[in-house]
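Here's the letter readout for the chains.
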Amino acid sequence: MLATDDGGETWTAVGQGPPASLEAPVSVPALARPDLAKGSLAAGNWHGVFNVWTREAGAGGLSISVEGPSKALLDFKDRKDGSCYVSYTVSEPGKLESSHDNIIPYHVYVMPQVGDTSKISLGFVQENLEVKKPVNFTIMMNGAKGNLDGKVIAPSGVEDDCFLVKLDEDQWALRFVPVENGVHQIHIRCNGIHIPDSPFRVRVGHDVADPAAVQAYGPGLKFCTTGTKMEFYVDTCNAGVGTMAVSIDGPSKVSMDCSEVDEGYKVRYTPLTPGDYLITVKYNGYHISGSPFKVNCTGSPVAEAGLAETSSVVVDTVAKQGKTRGEAMPQFRSDVTKVTSKGMGLKKATLEKQNMFTVNCGNAVKEELAVCAGNNVLYAAVLGPRGPSDEVYVKHMGSNVYQVTYRVKEKGDHIVIVKWGEDHIPGSPFKVEVS
């Protein structure tokens, strides 16, 4: 059935059909929720649709509500296949909140009609932006009328101060001073409406941090109990210096603290109400592996629950090096003079194609005698007129026989370097002609 409240601005659809559960997850697939992000009014109204999948959630009831500045005309359809179709129509711009059951609500931003805002464009954009040095942009109105406002969001999610000044009837200037390395988002609006392509993304400084090298682990990422302090660790060893931002979204705010440890940082938090919490860990504005982490909290409520609360902490990290290192290199016994190599890739190479040769460091036949080059490490590199080749792959085929493939992207003479341990193999370095 469809239940509505004519006296307010909240409309709720309640359905009994495919099994749904307040405890098991109810999911909205990415491909099924195009209208759970943003939209714009056209002809005075905006129509949004999305799907809710309950097939694997267990038995229960499903309720959906849409809240915002205007009354939402809500329609609900049970497909009888474990999914439900929801559509809604609103007439006023603003921020909508769409929620179902105990899932963290989705925020939908409905923009007013664009009008002259579509004429506005971003002018000159600086290059090689640096931290703590002023950044200036020009905005061309191109005949559009209205007042501009804007904001700058740093990689950590913190809003930086920015200033917008009207230079003349057709030109404005934006200025801000970045304090973080990484990608910044610049939001520019005219009379409350984003100009085309806003928010703009600009990179500041040289981002040497590698978010892919950051890992998070610990019991606080698996389970938690109300009123109990939980902890987890963020390992930033060998990831470079950056900005770590940790946020926790859930039915209540949590008390958080972060301290430095040998391998990175320890984060502690105390949840106050039961439910599902999402822990997001970003490094220089990018999610680390596994983020966001979903943690179920059990226990009795210590505080009153809300719809969605966010707690966060931001840390400027320092360089960390892992303490676990491999043992000392073994003592190899090898004879580089007994290594043999063959293949067209040692003589000629074709542009933008895979070129190959083999290196035999195992049992080779020289002058009808079986000889062995011993054990060592094979190194291979390709050097072009302007620097190293982008792709060089070494594959061990067994019995100390290696297959080397490489790709070149420029014409001219290249040098192929092959070493068995510290010594060049016979013929190395090889001069290769690229055609």
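Here is what the cut-offs are and how they apply
- Residues numbered from 1 in each chain as written.
- Predicted model: local features only at pLDDT ≥ 70, side-chain atom pairs only at ≥ 80, totals over all residues.
- Heavy atoms only, no water.
- Helix = DSSP H or I, 4+ residues; strand = E, 2+ residues; numbered from the N terminus.
- Buried < 20%, exposed > 50% of the residue type's maximum accessible area, 1.4 Å probe, protein only.
- Contact = heavy atoms within 4.5 Å.
- Areas by Shrake-Rupley, 256 points an atom, 1.4 Å probe, with all protein chains shown as cover.
- Pairing = 2+ DSSP bridges.
- Axes fitted to C-alpha atoms, helices over the stretch in contact; angles between N-to-C directions.
- Core = buried A, V, L, I, M, F, W, Y, C linked by side-chain atoms within 4.5 Å.
- 1 Å grid on protein atoms, 1.4 Å probe; cavity = no way out; pocket = protein on both sides within 12 Å on 5 of 7 lines; lining within 4 Å.
- Points joined across faces, edges and corners; volume = space filled by probe spheres on them.
- Nonpolar A, V, L, I, M, F, W, Y, C, P; charged D, E, K, R; others polar.
- pLDDT = per-residue confidence, 0-100.
- Polar contact = N/O pair within 3.5 Å; in protein donor to acceptor, adjacent residues only side chain to side chain.

## A closer look at the overall build of the protein chain
Regarding its fold elements, the protein chain presents zero helices and 40 strands. Counting all 435 residues of the protein chain, 40% fall into the buried class. Taking the intrachain contacts of the protein chain between residues at least 6 apart in sequence as the baseline, contacts between residues at least 24 apart amount to 65%. Here the protein chain has roughly 23,700 Å² of accessible surface; of this, 51% comes from carbon and sulfur atoms.

## Description of the sheet that holds strand E23 (residues 255-261)
Strand pairing in a sheet relies on backbone hydrogen bonds, with the paired strands running either antiparallel or parallel. With antiparallel pairing, four strands are arranged side by side in an open sheet as E19-E21-E24-E23. Each having just a single partner strand, strand E19 (215-217) and E23 make up the two edges of the open sheet. Strand-to-strand twist in this sheet, taken as the mean axis angle between neighbours without regard to direction, amounts to 20°. Examined bridge by bridge, E19 and strand E21 (residues 230-235) share three bridges and lie antiparallel to one another. If you follow alanine 216 over to E21, its bridge partner there is valine 234.

## Some thoughts on the nonpolar core
Across soluble globular proteins, nonpolar side chains have a tendency to be buried as a group. Core analysis: the biggest nonpolar cluster contains 26 residues, and Phe232, Val234, Met244, Val246, Tyr269, Ile279 and Val281 have the highest contact counts within it. If you list the elements that add at least two residues to this core, you get E21, strand E22 (243-250), strand E24 (264-270), strand E25 (275-283), strand E27 (293-298) and strand E28 (309-316). In this structure phenylalanine 232 touches Tyr217, Gly218, Gly220, Leu221, Val246, Tyr265, Lys266, Val267, Tyr269, Ile279 and Val281, once residues within four positions along its chain are discounted. Membership of the second largest hydrophobic core comes to 21 residues, among which are Ala349, Cys361, Tyr402 and Val404.

## Description of the layout of surface pockets
Of the volumes computed, that of the largest pocket is approximately 710 Å³. Pro155, Ser156, Gly157, Thr280 and Lys282 are, among the 24 residues lining the largest pocket, the residues nearest its centre. For the lining of the largest pocket, the elements supplying multiple residues, two or more each, are strand E16 (182-190), E22, E25, strand E26 (286-287) and E28. Class assignment for the residues of the lining of the largest pocket results in 11 nonpolar, 10 polar and three charged.

## Considerations on the confidence of the model for the protein chain
The predicted model of the protein chain averages 79 in pLDDT, with 81% of residues at 70 or higher. Here residues 1-37 is modelled with pLDDT under 50, and outside its nearest four sequence neighbours on either side it reaches 118 contacts, counting other chains as well. This model gives residues 366-370 a pLDDT under 50, and the stretch forms seven contacts once residues within four places in sequence are excluded.

## Some remarks on unusual backbone geometry
Cis geometry marks the peptide bond from serine 198 to proline 199, where omega comes out at 5°. Phi angles above zero are rare outside glycine, and lysine 132 is one such case at about 65°. With respect to the secondary-structure elements, lysine 132 resides in the loop between strand E10 (121-125) and strand E11 (135-140). Given the relative accessible area of 66%, lysine 132 is considered exposed. Positive phi, close to 60°, is recorded for asparagine 400, a residue that is not glycine.

## Some words on the sheet that holds E10
One open sheet accounts for four strands, arranged E10-E11-E15-E14; its pairing is antiparallel. Of all strands in the sheet, those bounded by a partner on one side alone are E10 and strand E14 (162-168). Across the sheet, the mean angle separating the axes of adjacent strands is 25° when strand polarity is ignored.

## Looking at the side chain of aspartate 78
On the secondary structure map, aspartate 78 appears in strand E6 (residues 73-78). Since its relative accessible area comes to 18%, aspartate 78 is described here as buried. A distance of 2.9 Å separates the side chain of aspartate 78 from the backbone nitrogen of lysine 80, its partner in a polar contact.

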